[in-house]
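# Coordinates in review
Single-letter residue listing:
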Amino acid sequence: MAASQTHRKQQPELTNNITTLCLAGPTATGKTAAAMAIAKTLAPARQVEIISVDSALVYRGMDIGTAKPTPAERAQVPHHLIDVIDPAEAYSAARFVGDAQALINTIQQRGNIPLLVGGTMLYFKALFDGLDAMPAADRTVRAALAAQLERDGLHALYRELQRVDPATAARLKPADQQRIQRALEVFRVSGQPMSALHGVKRAQAAPPQPLHTMISLEPADRAWLHERIERRFRQMLDAGLVEEVRALGERGDLHADLPSMRCVGYRQTWEALVEGDLDSLPERGTAATRQLAKRQLTWLRGMPQRQVVACDAPDALERVTTLARQWLAAQPARAEG
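Each chain carries its own residue numbering, running from 1 in the written order of its sequence. Restriction of local features to residues with pLDDT of at least 70 applies here, the model being predicted, together with a cutoff of 80 or more for giving and counting side-chain atom pairs; totals for whole chains, interfaces and linings are based on all residues. Hydrogens and water are ignored here; the side-chain numbers use all heavy atoms of the structure.

## Section: the packing of aromatic side chains
Ring pairs are drawn from Phe, Tyr and Trp, using the six-membered ring of Trp, whenever the two centres fall within 6.5 Å, and their geometry is named by plane angle: stacked under 30 degrees, edge-to-face over 60, tilted for the rest. Summed over all chains, the structure comprises 3 aromatic pairs. Both rings, one in Y91 and one in Y123, keep their centres 6.2 Å apart while their planes meet at 55 degrees; by these two values the pair is tilted. Linking Y91 in the loop between strand 3 (79–80) and helix 4 (93–109) with Y123 in helix 5 (residues 121–129), this pair joins segments that are 32 residues apart in sequence. As far as the burial class goes, Y91 and Y123 line up, both buried. With a centroid separation of 4.7 Å and an interplanar angle of 15 degrees, the aromatic rings of F96 and Y123 are classed as stacked. Taken together, the residues F96 in helix 4 and Y123 in helix 5 connect sequence positions 27 residues apart. As far as burial versus exposure is concerned, F96 and Y123 are alike and both buried. Through pairs of rings, three or more aromatic residues link up here, namely Y91, F96 and Y123. Where helices and strands are cited, they refer to DSSP runs of H or I of at least four residues and of E of at least two residues respectively, numbered from the N terminus. Classification of residues uses two cut-offs on accessible area relative to the type maximum, computed with a 1.4 Å probe and protein chains only: under 20% is buried, over 50% is exposed, and between them is partly exposed.

Structure (structure tokens):
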């Protein structure tokens with residue numbers, strides 16, 4: 001209770017004149033409810049349109065394990081970047097930045113407010129800071145690496161990466177097949193190690209992007225979040241997560257190494273089905289989701305522009321909507337057409 005009173009007395013204030021509002025936070029912190037509360041609060045003045053910042057919500061047919069906004073929520077407030085690709089496809093941070101920037105412009109031209117909501121911090125960082133100058137995927141090189149993997153095994157690829165890019169190899173696990181192959185692809189396409197390209201930003205042909213403010217839902221008590229994660233994963237299982245993943249597997253064109261099937265919850269369910277061990281799934285899924293939340297919090301701590309709201313405080317939604325109203329009040333007056 002004392003912590004809650006402290007949060008109430010030290011209500012954060014927005015000090016920048018920003019143009020785009022973002023809502024972030026680890027999984028299971030109540031971002032959807034907070035986004036809907038912001039939309040309702042700002043609706044008398046301006047309509048809100050939500051842009052999803054989530055690498056799992058882009059996939060069609062993956063509804064239960066991604067905790068997608070319900071049809072009723074999506075009917076109340078327009079949502080974007082949900083159900084945009086098939087699980088057999090890949091979606092990148094670069095594509096997200098292009099899609100999000102286009103949507104921000106279109107929504108603002110309609111006179112509405114784009115609200116970016118999600119927990120994929122890489123996407124937020126790419127939008128805020130720009131993208132590293134990594135070469136695009138090369139199908140020929142990728143196919144050659146896949147053939148080499150099949151012939152020589154992953155350990156041989158990892159040894160090669162240690163030779164050509166020891167810095168990247170040192171930060172990757174020897175079993176991280178996707179990232180090892182990507183690092184080798186970057187080297188073969190560009191002639192430079194991936195570690196040398198990190199931090200080198202792509203030239204921006206477009207004008208500078210507007211500033212952003214981020215409201216960040218973060219728990220004061222990590223045990224509160226762990227309990228919510230466990231409860232929500234069990235609710236997903238009760239709602240039919242196993243059946244959803246089984247149906248995806250029965251399509252025949254998906255496999256465990258696809259980005260879609262590596263999403264937390266889906267990966268553990270896929271493995272449990274393959275192994276025939278559904279009994280351990282609640283524990284495995286909960287543990288993986290807790291690890292995801294830990295990584296998300298680490299990313300957030302590196303974003304100094306965020307305005308933290310304790311999501312486990314009893315007045316969390318009130319504080320979120322107060323910040324949103326402050327944000328709107330700080331915006332330049334809108335020119336009426």
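## Here we look at the pattern of salt bridges
Salt bridges, as used here, are contacts in which a Lys or Arg side-chain nitrogen is within 4 Å of a carboxyl oxygen on Asp or Glu. Going through the model one piece at a time under the given rule, you end up with 20 salt bridges. Here R284 ties to E271 by a salt bridge, and the two come within 3.3 Å at their closest N and O atoms. Remark: E271 occurs in helix 13 (residues 266–275) and R284 occurs in helix 14 (residues 281–301); sequence separation between them is 13 residues. We classify R284 as partly exposed; its relative accessible area is 23%. We classify E271 as partly exposed; its relative accessible area is 28%. For R284, the salt bridge identified is with D277, shortest N-O distance 3.9 Å.

## A short note on the confidence of the model for the protein
Scored from 0 to 100, pLDDT records how confident the predictor is in each individual residue. Put simply, the protein has an average pLDDT of 88, and 88% of its residues get 70 or more. By the convention used here, residues are in contact when the closest approach between their heavy atoms is within 4.5 Å. Below pLDDT 50 for its whole length, residues 1–18 participates in 30 contacts with residues either more than four positions away or in separate chains. Throughout residues 203–209 the model reports pLDDT below 50, and contacts reaching past four residues in sequence, or to other chains, amount to 1 contact.

## Looking at helix 14
Between the first and last residue of a helix there are one fewer steps than residues, each counted as 1.5 Å, and that sum is the expected span. Over its 21 residues, helix 14 extends 30 Å from the first C-alpha to the last, a length consistent with the 30 Å expected when each residue adds 1.5 Å. Among the residues making up helix 14, those that are buried are L281, P282, G285, T286, A288, T289, A293, Q296, L297 and L300.

## A short note on the environment of T106
Among the secondary structure elements, T106 is positioned in helix 4. There is a polar contact of 3.0 Å between the side chain of T106 and the backbone oxygen of A102. The term polar contact refers here to a pair of N or O atoms within 3.5 Å; inside protein, the definition further demands a hydrogen-donor-capable atom paired with an acceptor-capable atom, and it admits residues adjacent in sequence only when both atoms are side-chain atoms.

## Some words on the nonpolar core
Among the nonpolar cores identified, the biggest contains 44 residues, and F96, L116, F124 and M214 are the most heavily contacted of them. For this core, the secondary structure elements donating two or more residues are strand 1 (20–24), strand 2 (48–53), helix 4, helix 5, helix 11 (222–239), helix 12 (241–250), helix 13 and helix 14. When neighbours within four sequence positions are excluded, M214 is seen to be in contact with C22, A24, F124, F128, L300, M303, Q305, R306 and Q307. Of all hydrophobic cores here, the second largest spans 24 residues; its members include A39, V77, I215 and L217. Residues enter a nonpolar core if they are buried and are Ala, Val, Leu, Ile, Met, Phe, Trp, Tyr or Cys, with the set joined through side-chain atoms within 4.5 Å.

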